[in-house]
Amino acid sequence: MWEYTDKVKDHFLNPRNVGEIEDADGIGEVGSMACGDALKLTFKLDENERIVDAKFQTFGCASAIASSSALTEMIKGLSLEEASKITNDDIARHLGGLPKEKMHCSVMGREALEKAIAHYRGEAGKKVEGEIVCECFGVTDREIERMVKEKHLSGIAEVTDYLKAGGGCGKCHEKIQAILDSVSGERRPAIKKPSRMTNIQKIKLIEETLDREIKPELQKDAGDIELVDVDGDRVFVRLHGACATCAVSHVTLKHYVEAKLREFVLPDLIVEEVQQ
Amino acid sequence: MRIVYADSNATTRVAPEVMEEMLPYYGEFYGNPSSMHFFGGHVGRKIKDAREKVAASIGARPEEIIFTSCGTESNNTAIRAAIVSNPDKKQIVTTRVEHPAVKNLCEDLAKRGYPVTFLPVDRQGRLDLDTLDASLSENTAIVSIMWANNESGVLFPIEQIAQKVKSKGIVFHTDAVQAVGKIPVDVTAVDVDMLSISGHKLHAPKGVAALYVKRGTKYSPLLIGGHQESGRRGGTENAASIIGFGKACELAGAHLDEMATRVCGLRDKLESEIQCRIPDTIVNGGGAIRLPNTTSIGFQYVEGESILLMLDQFGICASSGSACTSGSLEPSHVLRAMGVPFTSAHGSIRFSLDRYSTEEEIDFILEKLPPIISRLRRISPFWKGNPEP
């Protein structure tokens, strides 16, 4: 059984904004019956291009329905510009987190929103960018590349969690790995840091990176992080505020904190959480 | 909250009589059945009784029963025993709808160079016996075909299959985990070499199972260790559970008629009423001969996990062939092998009953289910019909 947060359960059992806006300004449809989940998002704008109404119809599991419901709640009242900045992580956070295997449900929400905005702006109907890599779920190389870069994904299983790609017959695993390899190949040369560091230098750089790159982002969501200790390549941290109780804090820790520290300090660092 | 349990193919409650039989062997009688002293020997004798009861429930001799830890171990033991003790033969013949304990093992063996034939089934989940015939060769080491399907409840004609396989001198194993305790299984009438049974599917506890190995069948143990199970399965016996398993088999035998009549009647009522009250539903395997306790129903245009979670609100326990519940992303391999369309494969729910199921529980499910399906259909972008049943 999945560990769903109370917010996911609430949005699933009492979904907000179910339906279809008849004279919608934006329409975004993603997924299919064959894939096992699908979402149709419609929204209505006022004269200032603010979203005054949004409705959804979803075929899918509890987290797909909850993600769709949360999305409609989040975008109401936003300008198109503001709405276009919503990421799948924002949706997941709004729900108090999603199991990692269900992150693709929040991705579906973002995709539908992007499509609906593109539809309004007259960009809809443009053909799929890139080449289909995962035939089971119709996921392209561009989509995988984008997600790998955005979320600092490092393995096929993570790609599957976010995009479903590779979760069917498995024939595309080699191609996904090739994309992962090429992205990590690109990432590495860009990192500039001293080739050798003393312990003091390393700890200092970790602290600087936490202060500059990581804390401001976590604080936006009422969370925080504290450096507890550094032992070799292991970085011990303690999470505070919203992060401490967040169901997906391990995702934040691995995909965000660790990725940032690896980028700015050392590629071998491992971040571990110290319990309160 | 009250629990309405309709997931008996997943597992069953331990019968109170079974529990009572077992408890002393967690308490005062803790001796090792292999010990020389009377204290351990007493446990040994109880295990001997249990072996007799398990054997009797399928028409076997006690020495043909090997106790194992689970159905998966029984299946692994059987298939590996056949390929290890027939080293000149390589091919394995099985079906596309086996339980993962057979399917994934065979897929693993295929990667290790054993050619595996996965026989297809038709839309009703039935096997084509001519295809089976055509797949058998001199190179076939073992045929492993389940007796009853855990998801659809469809029964394979094991007697005919056994005849075909044995007439060519090939080893035949059947995973009868879902059959024993629900329908009569008699190895004196059906010529199988090996047969798997699991305790927790018939009101014994989890963690105990058995493999029937017909006398004279070439065998090789999976777990090599002590002399337990006559050297055919090393490891200290799970004494209390084995003793409970014996009692459970005895009770199951006494309730077989009830399964075929009362429980089957409840299943039929549940199935036909659901079809009456909810439009656009399909009974998966409804055209085949099935277990008396199982129904797998596809609700078109909605997704199974959502249905299960809404049923869960009312304490109703069922299971689904949907992808989302299992953590995999594709719907069940059984439903896909049957060619169930995606419109209903993702929304298929299995209800499986047992002798503790009551008519009142069926009525409760029938009361709660239709509004749930309507509600989810109203949310679904694919549903264009009238959502009200």
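Residues numbered from 1 in each chain as written. Chains lettered and ligands numbered in written order. Predicted model: local features only at pLDDT ≥ 70, side-chain atom pairs only at ≥ 80, totals over all residues.

## Some words on the pairing of strand β7 (residues 194-198) of chain B
Residues and elements named next belong to chain B. In terms of burial, β7 is a largely internal element, five of the five residues being buried. With burial as the criterion, each face of β7 is covered, one bearing M194, S196 and S198 and the other bearing L195 and I197. Bridge count for strand β6 (residues 171-175) against β7 is three bridges, and the pairing is parallel. Counterpart to D175 in the pairing with β7 is S196. (Buried ≥ 20, exposed ≤ 12 C-beta atoms within 10 Å, placed from the backbone. Helix = DSSP H or I, 4+ residues; strand = E, 2+ residues; numbered from the N terminus. Pairing = 2+ DSSP bridges.)

## Re the domain arrangement of chain B
Residue and element names in this part refer to chain B. In terms of domain boundaries, chain B breaks down into domain 1 (16-254) and domain 2 (256-379). On the side of domain 2, 23 residues touch domain 1, which itself brings 22 residues to the contact. Partitioned by chemical class, the residues of the side of domain 1 that touches domain 2 number nine nonpolar, seven polar and six charged. (Domains from an automatic or database assignment. Contact = placed C-beta atoms within 7 Å. Nonpolar A, V, L, I, M, F, W, Y, C, P; charged D, E, K, R; others polar.)

## Topic: the interface of chain A and chain B
If you look at the interface, chain A gives 20 residues, while chain B gives 21 residues. Elements with a minimum of two residues in the side of chain A that touches chain B: β2 (37-45), β3 (51-59) and α2 (62-75) of chain A.

## Things to note about the sheet that holds strand β9 (residues 281-283) of chain B
Residues and elements named next belong to chain B. Reading across the sheet, the four strands line up as β9-β10-β13-β12 and stay open at both edges, with antiparallel pairing between neighbours. Two strands lie at the open edges of the sheet, namely β9 and β12 (319-320), each paired on one side alone. By the bridge criterion, two bridges tie β12 to strand β13 (residues 348-352) in an arrangement that is antiparallel. The residue bridging S319 from the neighbouring strand is R350, located in β13.

## What to know about the environment of G40 of chain B
All names here are of chain B. Checked against the element boundaries, G40 lands in helix α2 (residues 38-57). It is 7.8 Å that separates the C-alpha atoms of G40 and F29, two residues lying eleven residues apart in sequence. With residues up to four places along the chain from it excluded, the contact list for G40 reads G31, N32, P33, S34 and S35.

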